[in-house]
Amino acid sequence: MRLDFDSEQPIYIQLAEAIEDDILKGILPEETQVPSTTELSVMLKINPATARKGVNLLVDEGILYKKRGVGMFVARGALRRIKKKRRAEFYQSFVLPLLAEAQKLDVSMGELIEMIERGLPDEQD
Amino acid sequence: MSRIELRALSKRYGQNPALNQLDLTLEGQKIYGLLGRNGAGKTTLLNLITSKTHPTAGAITIDGEPVWENDAVLGRVFYMTEANLYPGPLRVREAMKWTAQFYPGFRMDYAEELARRFGLDTKKRVKELSTGYSSIFKAILALASGAEIVLLDEPVLGLDANHREMLYREILANYIDEPKTVIISTHLIDEVADILEEVVIIDKGRVILHRPVEELLESAYAVSGESSRVDQYIQGRNCLSEERLQNFKSVIILDGAPDRALAKSLDLEIGRPELQKLFIALTNS
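Residues numbered from 1 in each chain as written. Chains lettered and ligands numbered in written order. Predicted model: local features only at pLDDT ≥ 70, side-chain atom pairs only at ≥ 80, totals over all residues. Heavy atoms only, no water.

### Some remarks on the overall build of chain A
Part 1 of the reasoning: When its secondary structure is counted, chain A shows five helices and three strands.
Part 2 of the reasoning: Listing each helix as α and each strand as β along chain A from the N terminus yields α-β-α-α-β-β-α-α.
Part 3 of the reasoning: Expected size for 125 residues packed as a compact globule is a radius of gyration near 14 Å; at 18 Å, chain A overshoots this value by more than 25%.
Part 4 of the reasoning: Reported as C-alpha extents along the three principal axes, the dimensions of chain A are approximately 55 × 40 × 20 Å.
Part 5 of the reasoning: Across the 125 residues of chain A, 29% fall into the buried class.
Part 6 of the reasoning: Of the contacts made within chain A by residues no fewer than 6 positions apart, 54% connect residues no fewer than 24 positions apart.
Part 7 of the reasoning: Put simply, chain A shows about 8,500 Å² of open surface, and 54% of that area lies on carbon and sulfur atoms.
Part 8 of the reasoning: Placing the 18 positive and 21 negative side-chain charges of chain A at their respective mean positions leaves the two points 11 Å apart. (Helix = DSSP H or I, 4+ residues; strand = E, 2+ residues; numbered from the N terminus. Rg over C-alpha atoms; globule rule 2.2 N^0.38 Å. Buried < 20%, exposed > 50% of the residue type's maximum accessible area, 1.4 Å probe, protein only. Contact = heavy atoms within 4.5 Å. Areas by Shrake-Rupley, 256 points an atom, 1.4 Å probe, with all protein chains shown as cover. Lys, Arg positive; Asp, Glu negative; His and termini not counted. Charge placed at Lys NZ, Arg CZ, Asp CG, Glu CD.)

As structure tokens, then:
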């Protein structure tokens with residue numbers, strides 16, 4: 001789990017996204033235990049209140065859940081929920097900045113589409 | 001709860017005012033950053049809280065009790081000073097035992113474990129320690145003291161990067177294990193920014209800002225772009241500082257949400273300043 005301390009995002013949101021990324025990559029599969037806020041705080045050198053806020057964000061969204069006296073776990077269906085949420089943000093976070101940069105550099109729509117196709121993995125057969 | 005209250009606190013050294021009618025309330029049980037430029041009054045403030053010096057005017061209380069020569073209250077506070085005030089011939093282990101006499105909550109086993117982890121030789125005499133190990137020695141006493149309030153004045157002075165990281169982690173682990181009030185006074189703002197819950201900035205003997213770090217960072221933003229357009233944007237806004245390079249200008253604005261539509265129409269970039277940048281902007285006058 002890594003945080004980018006130069007990012008414009010508040011640390012607790014970065015933490016929530018870093019946990020989501022680990023879930024997306026399969027590092028934290030559904031129904032497995034995630035590190036405690038204490039462990040996160042010490043490992044990432046962030047205030048425990050910040051760590052708690054980041055984790056609670058994911059609890060509120062149903063991505064993590066608490067087992068009383070045991071700890072925090074990845075909820076069943078978390079992967080699907082994260083993908084759904086990230087897809088909804090995809091246009092705003094990735095497509096619009098891409099278009100803005102393309103415009104700055106006079107990259108035409110045709111060139112842009114050609115570049116996207118070049119970047120796609122080869123289709124099988 | 002270890003609530004620290006400073007009311008209209010002034011301290012003069014001869015004609016020089018070190019603190020000037022300073023007011024500050026710390027609710028306690030948090031990690032606070034005490035930031036200020038050289039000579040801003042940070043160490044004077046810590047000396048006053050621990051009754052090492054008498055205020056010229058004003059009141060200092062902990063949980064409502066005046067601190068002046070109040071051993072019962074002062075026994076709840078451990079102060080790691082920047083200067084090494086331990087007698088030179090004293091050995092590290094003796095200093096630990098000595099601290100345990102004054103702080104009944106002192107954990108000798110924990111102090112020894114920390115000494116091992118940091119590679120501090122407890123048989124050495126205090127005067128034989130390098131600057132870095134002198135800091136480690138004092139920080140270990142502070143962390144193991146069991147005090148409810150721990151004041152750390154420049155705790156990482158002379159520490160290498162590895163030991164600084166270890167110490168920041170230990171401060172966090174210690175705070176989570178035994179919730180307490182920790183006040184860290186430091187110039188290394190970038191390094192401590194994320195471990196702090198609240199920040200207190202003092203300048204010329206007064207508190208100029210006291211807020212939760214996260215709230216502060218969320219209430220500040222930077223705007224940059226072509227100068228005349230930046231000037232147009234900052235009309236009527238609380239602009240802290242500006243940096244110029246020919247036709248380019250970057251400013252930091254405190255309080256108020258960015259007007260993204262306006263910024264976009266003026267072709268300006270909006271970004272987030274770090275705590276250190278904000279500190280410089282706030283104290284640069």
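### Re the interface of chain A and chain B
Part 1 of the reasoning: In this complex, chain A contributes 18 residues to the contact, which on the side of chain B involves 19 residues.
Part 2 of the reasoning: Carbon and sulfur atoms make up 54% of the surface buried where chain A meets chain B, a total of about 1,400 Å² over both sides.
Part 3 of the reasoning: If you sort the residues of chain A by the area they bury against chain B, Glu8(A), Lys45(A) and Asn47(A) come out on top, with a joint share of 41%.
Part 4 of the reasoning: Where chain A meets chain B, there are two salt bridges.
Part 5 of the reasoning: Here Glu165(B) makes a salt bridge to Lys45(A), at a shortest N to O gap of 3.4 Å.
Part 6 of the reasoning: Viewed at the interface, chain B and chain A are joined by six residue pairs in polar contact (both at pLDDT 80 or more).
Part 7 of the reasoning: Taken together, the elements giving at least two residues each to the side of chain A that touches chain B come down to helix H1 (11-24), helix H2 (37-44) and helix H3 (48-60) of chain A.
Part 8 of the reasoning: The residue inventory of the side of chain A that touches chain B, partitioned by class, reads nine nonpolar, four polar and five charged. (Buried area = accessible area lost by both parts, 1.4 Å probe. Salt bridge = Lys/Arg side-chain N within 4 Å of Asp/Glu carboxyl O. Polar contact = N/O pair within 3.5 Å; in protein donor to acceptor, adjacent residues only side chain to side chain. Nonpolar A, V, L, I, M, F, W, Y, C, P; charged D, E, K, R; others polar.)

### Quick look at the packing of aromatic side chains
Part 1 of the reasoning: This structure, assessed with the given rule, holds seven aromatic pairs over all chains.
Part 2 of the reasoning: Judged by centre distance (5.2 Å) and plane angle (55°), the rings of Phe78(B) and Tyr103(B) are tilted. In this pair, Phe78(B) is assigned in strand E6 (residues 77-80) and Tyr103(B) in the loop between helix H3 (92-102) and helix H4 (108-118), connecting sequence segments 25 residues apart. Accessibility assignment for this pair places Phe78(B) and Tyr103(B) in one class, buried.
Part 3 of the reasoning: Here a set of aromatic residues connected by ring pairs shows up, and it is made of Tyr86(B), Trp98(B), Phe102(B) and Phe137(B).
Part 4 of the reasoning: Sitting over the face of the ring of Tyr12(A), Lys53(A) holds its NZ or CZ atom 4.3 Å from the ring centroid. (Phe/Tyr/Trp six-rings, centres within 6.5 Å; stacked < 30°, edge-to-face > 60°. Lys NZ or Arg CZ within 6 Å of the ring centre and 35° of its normal.)

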